[in-house]
Amino acid sequence: MTQAPTPTADTVRRLVRSLLADSALGASATPGPDVRPVGAGGEASTWWVGARHVLRLAPDRDASARLRRELRLRDLVRPHLGVAVPVGVAHGEWAAGLAYTLDTRVPGGSAEEHDVSAVGEADLAALLTGLREVPARQAETLGVPRVAPRSLEALRRAAERAAERLAAADEFDPVRLHQLTPAAATQLAAQAGTAVLVHHDLRGEHLVVSADGRVRGVLDWTDAVVGDPAEDIAGLALAVGSPAAVRAATLAGYAARPCLRGLWLARCDTVVRLAESLTGRDAGPRPLLRVQLRRAWEAILLERVTELREPDEEG
């Protein structure tokens, strides 16, 4: 198998120069817009192109297929969301079989840079509401996969083992996991017939937040699936904290069960990922993993709920 080339600044400059005739970049630019990497990580190498565009280069054919699918999916979701998604101005191949997309930059920072305000929580609610309104069958016709819900009980058991490793490293008190009993994990199983379009990667770097705390956009739709809406509630818990995530989900019409399910998916995931980081099996930045764990374990009033609604009452 031929190894895919590694994109470099020269790769990006050559590609940008080839696109300069496109009016979106400005044909008069000489020697061309400044290019610089956005940062490490992710499945596509991402570069700023000047001040108004972002270039993403897929590293392999699977990522290329998802990047091409994202272009079509963004057009489908855009009318339903209360926040912006990037607009593509050019796309093609930067190497044989490897896709790129050049998008407009959504103004703002990330949720790792700016706190989300109360009005921003309403923006998140609009996002969750819009995702639920996107026709799932149309998304599937674009190639978005349908994914079965995860077993919270299996995840709980994995988190219990991970918590013991974290306790040995003085990183986490495993007693905190005792709040999620096997019976509770079973009660919080995903309900049948609740699948919606799920962004599936609503971490802080993918939420565009303005300095006043408004959520202005959502980036990177390559991991979208049709599946469990609690996964996006869990993602928001990692990005903005559990209280804000649950308030947004409640405002979007989700009842106690999916909110609590999302909360515990996030909590168990953060325990497992931090433990894997300590053993070298997770390459995520450890400081960020610790921050995400803290956010997911923030206490919420909903934890005091002892009786959940019946399945036919769930949002």
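The structure this text deals with has already been given above.
For clarity, every value in this text was computed on a predicted model and none was experimentally measured. (Residues numbered from 1 in each chain as written. Predicted model: local features only at pLDDT ≥ 70, side-chain atom pairs only at ≥ 80, totals over all residues. Heavy atoms only, no water.)

Brief notes about the pairing of strand β9 (residues 215-218)
For step 1, the next point in the chain: By the bridge criterion, 3 bridges tie strand β8 (residues 207-209) to β9 in an arrangement that is antiparallel. Residue V208 lies in a different strand from β9, and its bridge partner there is G217.
For step 2, the next point in the chain: Taking the residues that link successive antiparallel strands as the turn, the β8-β9 hairpin has 5 residues, and the phi of G213 there is positive, at about 90 degrees. (Pairing = 2+ DSSP bridges. Helix = DSSP H or I, 4+ residues; strand = E, 2+ residues; numbered from the N terminus.)

Topic: the packing of aromatic side chains
For step 1, the next point in the chain: Under the criterion given, the structure shown has 2 aromatic pairs.
For step 2, the next point in the chain: Look at W264 and W297: their rings are 5.5 Å apart centre to centre, the planes differ by 90 degrees, and that puts the pair in the edge-to-face class. Of this pair, W264 sits in helix α9 (residues 256-278) while W297 sits in the segment after α10 (286-296); the two residues are 33 residues apart in sequence, bridging distant segments of the chain.
For step 3, the next point in the chain: Residue class for W264 comes out buried when judged on its relative accessible area of 6%.
For step 4, the next point in the chain: One aromatic cluster in this structure is built from F172, W264 and W297.
For step 5, the next point in the chain: The positively charged end of R132 is found above the aromatic ring belonging to Y254, 4.4 Å away from the centroid.
For step 6, the next point in the chain: Directly above the aromatic system of W264 lies the positively charged group of R267, at a separation of 4.9 Å from the ring centroid. (Phe/Tyr/Trp six-rings, centres within 6.5 Å; stacked < 30°, edge-to-face > 60°. Buried < 20%, exposed > 50% of the residue type's maximum accessible area, 1.4 Å probe, protein only. Lys NZ or Arg CZ within 6 Å of the ring centre and 35° of its normal.)

Structural notes on the sheet that holds strand β6 (residues 109-110)
Backbone hydrogen bonds are what pair the strands of a sheet, in a parallel or an antiparallel way.
For step 1, the next point in the chain: Reading across the sheet, the 3 strands line up as β6-β8-β9 and stay open at both edges, with antiparallel pairing between neighbours. Edge positions in the open sheet fall to β6 and β9, since each of these has one partner strand only.
For step 2, the next point in the chain: Of the strand pairs in this sheet, β6 and β8 are connected by 2 bridges, and their pairing is antiparallel. Paired with S110 across the strands is V208, a residue of β8.

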